[in-house]
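Each chain, letter by letter, is given below.
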Amino acid sequence: MPPKKKASGQQQGPKHRTATTFKMKKRKVTDRVRPPPVGERRALRKRIVLSNPNALEVADMQDISAENMVDSRLRGSILGLPVPMLDQLRAVQAFKPKQGWSIFRRPGTVTRRETVELGRLIDGISDKPEDRGKVVKRIVTGPQGTGKTVHLLQAMSMAFTKEWVVVTVPECQDLALANTSYAPLSEKNPNVYVQNQATAALLSRTVTANQKVLSKLKVSREHPALKSPVKRDTTLEALANLGIQDPASAWPVFQALWTELTATSPATGFEKDFASRPPMLVAVDGLAHWMKETKYRTAKYELIHAHDLVFVQHFLSLLKPGNNQQSVLPNGGILLYATSASNSPGVYSLDVALKRVAARQQGVYPSSPDYPMPTAFSQPDERVLTAFESPKSSVSTEGTLTLQTLAGISREEARGFMEYFARSGLLRQQVSEEWVNEKWTLAGGGVIGELEKLGRRLTVPAQV
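Going by what an unreviewed UniProt entry lists, the protein chain is known as Small ribosomal subunit protein mS29 and is assigned to Aspergillus aculeatus. For the protein chain, the Sequence similarities (unreviewed entry) comment in UniProt is given as "Belongs to the mitochondrion-specific ribosomal protein mS29 family."

Right under this line is the structure:
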């Protein structure tokens, strides 16, 4: 059958010259938020707040001083940090952003058994003739929240009290992330690398924190490695400022400053202005980041090991015994190198090396079958194992490398710590013996970081 014809009145498509339009919905114009300036987010993330005006002031809190830093009767009490010392501690970056400084009226630390022991060491090296020139080398380890970084802060505050020279590396990770400039040390040592900006920052921290001491000491010898000769009446503060103003010469300036701080006698012609150098405290935090390959690359695009950085080589060499019948710190001092449990890469070779340090400390020697050895096919890094092999020094005043493991504080110390929360108005709870025992157990046996979390929780007794 033929197809049916369509009705004449039915439209068969668009009419001739009929306009067809496409309707678009108008987008709503939104105001774009201007991004924050460069560095503002980083500054906010690393901001340190040391005071809370809303917290109650503890009236009878003592400041740390040369007298009470050795008093064992103050165990469990809180010692405040003197206000003039806060600028020095800020300069060496002793405070960390995630610590609970901002919840109290003023910063203070709990006096624990290890604190009193450390205070007696610093006091003996400073004042006792039999301990003059003594060198203590320690690696501080422990679980997360046991107060390793605060232990370093307490050592710095005591050293500032005794007018020691404090040199710090607040975060080892910053030297391994490839976020600072680097270059071969010289044509003779192309496989060793120098970090000029990081060295200049180290000089800046040292000068700002120790300005009172360095401004009184003058150079005791010539330093031909520097670009220009140093005048004989130049202070150590002015010497260090040369590397801060010109980062390209920061490493030779740091070597010259270190030579001056470890000098025991002046060179010929420098006897007039020579003064004895004070002891030194060297504090390093986050040691594990120096025990592996960094993010830096060689010219062949190969990863650079942290031990190939001259900055790292210097501080690791201090763990070795001195040579030429002279200790690494001839004027005495303390080396405190701490590991981190919250921000630490897993380095198997470091674990074995620390076990060996603990074994030698207990009298187990490498010839013993009980001496820790790496497991088969583990392929440990021999450079890491060698870095912590510290035999007995030929200098009687220089001690061997030891391991100090921080754990939880005692119940008595925990009671004083929690009473400080109550007196600051943060804890509305009666601090009884049973309550302290309960919180001490919940905190994993007195882990001070967990106790702080428990103290922050504001509890209000129910109204009957």
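Student: Describe the overall build of the protein chain, naming the residues involved and giving the relevant values.
Tutor: Helix and strand counts for the protein chain come out as 14 helices and 11 strands. Judged by the C-alpha coordinates and their principal axes, the protein chain covers about 125 × 80 × 55 Å. Split into buried and exposed, the 464 residues of the protein chain put 47% on the buried side. Placing the 63 positive and 43 negative side-chain charges of the protein chain at their respective mean positions leaves the two points 15 Å apart.

Student: Give a detailed account of helix H4 (residues 148-161), specifying residues and quantitative values.
Tutor: Here H4 spans 20 Å end to end across 14 residues, near enough to the 20 Å set by a 1.5 Å rise per residue. When you tally the buried positions in H4, you get 11 out of 14 residues, the bulk of the element. Those residues of H4 not exposed but buried are Lys148, His151, Leu152, Leu153, Gln154, Ala155, Met156, Ser157, Met158, Ala159 and Phe160. Among the residues trailing H4, Glu163 stands out with phi positive, at a value near 60°.

Student: Let's hear about the pairing of strand E7 (residues 280-285): which residues, and what values?
Tutor: Within E7, 6 of the 6 residues are buried, which leaves the element mostly enclosed by the surrounding structure. Side chains Met280, Val282 and Val284 project from E7 onto one buried face, and the interleaved Leu281, Ala283 and Asp285 project onto a second face that is buried too. As paired elements, strand E4 (residues 165-169) and E7 share 5 bridges and run parallel to each other. If you follow Val169 over to E7, its bridge partner there is Val284.

Student: Requested: an account of the packing of aromatic side chains, with residues and values cited.
Tutor: Across all of its chains, the model carries 11 aromatic pairs by this definition. Taken together, the ring pairs connect Trp251, Phe254, Trp258, Trp290, Phe311 and Phe315 into an aromatic cluster.

Student: With reference to specific residues and values, describe the pattern of salt bridges.
Tutor: Side-chain pairs of opposite charge can arise where the charged atoms are in close proximity. Using the criterion set out here, one finds 18 salt bridges in the structure. Linking Arg112 and Glu114 is a salt bridge whose minimum nitrogen-to-oxygen distance equals 3.0 Å.

Student: Now, about the sheet that holds strand E11 (residues 398-405): what can you tell me, with residues and values included?
Tutor: One open sheet accounts for 5 strands, arranged E4-E7-E10-E3-E11; its pairing is parallel. Where the open sheet ends on each side, the last strands, each with one partner, are E4 and E11. Neighbour-to-neighbour, the strand axes of this sheet turn through a mean angle of 15°, independent of strand direction. As defined by bridge partners, E7 adjoins strand E10 (residues 333-338) across 6 bridges and the pair is classed as parallel. When the sheet's bridge partners are listed, Leu281 is paired in E10 with Ile334.

Student: Which residues make up the environment of Trp290, and what values do they have?
Tutor: Relative to the assigned elements, Trp290 resides in the loop between E7 and strand E8 (293-297). Once the C-alpha coordinates of Trp290 and Met158 are considered, the two residues, 132 residues apart in sequence, prove to be 27 Å apart. The residues contacting Trp290, other than those within four sequence positions of it, are Val169, Cys172, Leu175, Val284, Ala306, His307, Phe311, Val312, Phe315 and Leu316. One polar contact links the side chain of Trp290 to the main-chain carbonyl oxygen of Cys172, over a distance of 3.4 Å.

Student: So what's going on with helix H7 (residues 236-245)? Residues and values would help.
Tutor: Of the residues making up H7, those classed as buried are Leu236, Glu237, Leu239, Ala240 and Gly243. All buried residues of H7 project into a common sector of 160° when viewed along the axis, lining one side. Buried residues along H7 sit against helix H5 (196-209), helix H6 (211-214) and helix H8 (250-261).

What counts as what
- Residues numbered from 1 in each chain as written.
- Predicted model: local features only at pLDDT ≥ 70, side-chain atom pairs only at ≥ 80, totals over all residues.
- Heavy atoms only, no water.
- UniProt positions renumbered as here; feature names shortened; annotations may be inferred.
- Helix = DSSP H or I, 4+ residues; strand = E, 2+ residues; numbered from the N terminus.
- Buried < 20%, exposed > 50% of the residue type's maximum accessible area, 1.4 Å probe, protein only.
- Lys, Arg positive; Asp, Glu negative; His and termini not counted.
- Charge placed at Lys NZ, Arg CZ, Asp CG, Glu CD.
- Expected span 1.5 Å × (residues − 1).
- Pairing = 2+ DSSP bridges.
- Phe/Tyr/Trp six-rings, centres within 6.5 Å; stacked < 30°, edge-to-face > 60°.
- Salt bridge = Lys/Arg side-chain N within 4 Å of Asp/Glu carboxyl O.
- Axes fitted to C-alpha atoms, helices over the stretch in contact; angles between N-to-C directions.
- Contact = heavy atoms within 4.5 Å.
- Polar contact = N/O pair within 3.5 Å; in protein donor to acceptor, adjacent residues only side chain to side chain.
- Arc of directions from axis to C-beta.

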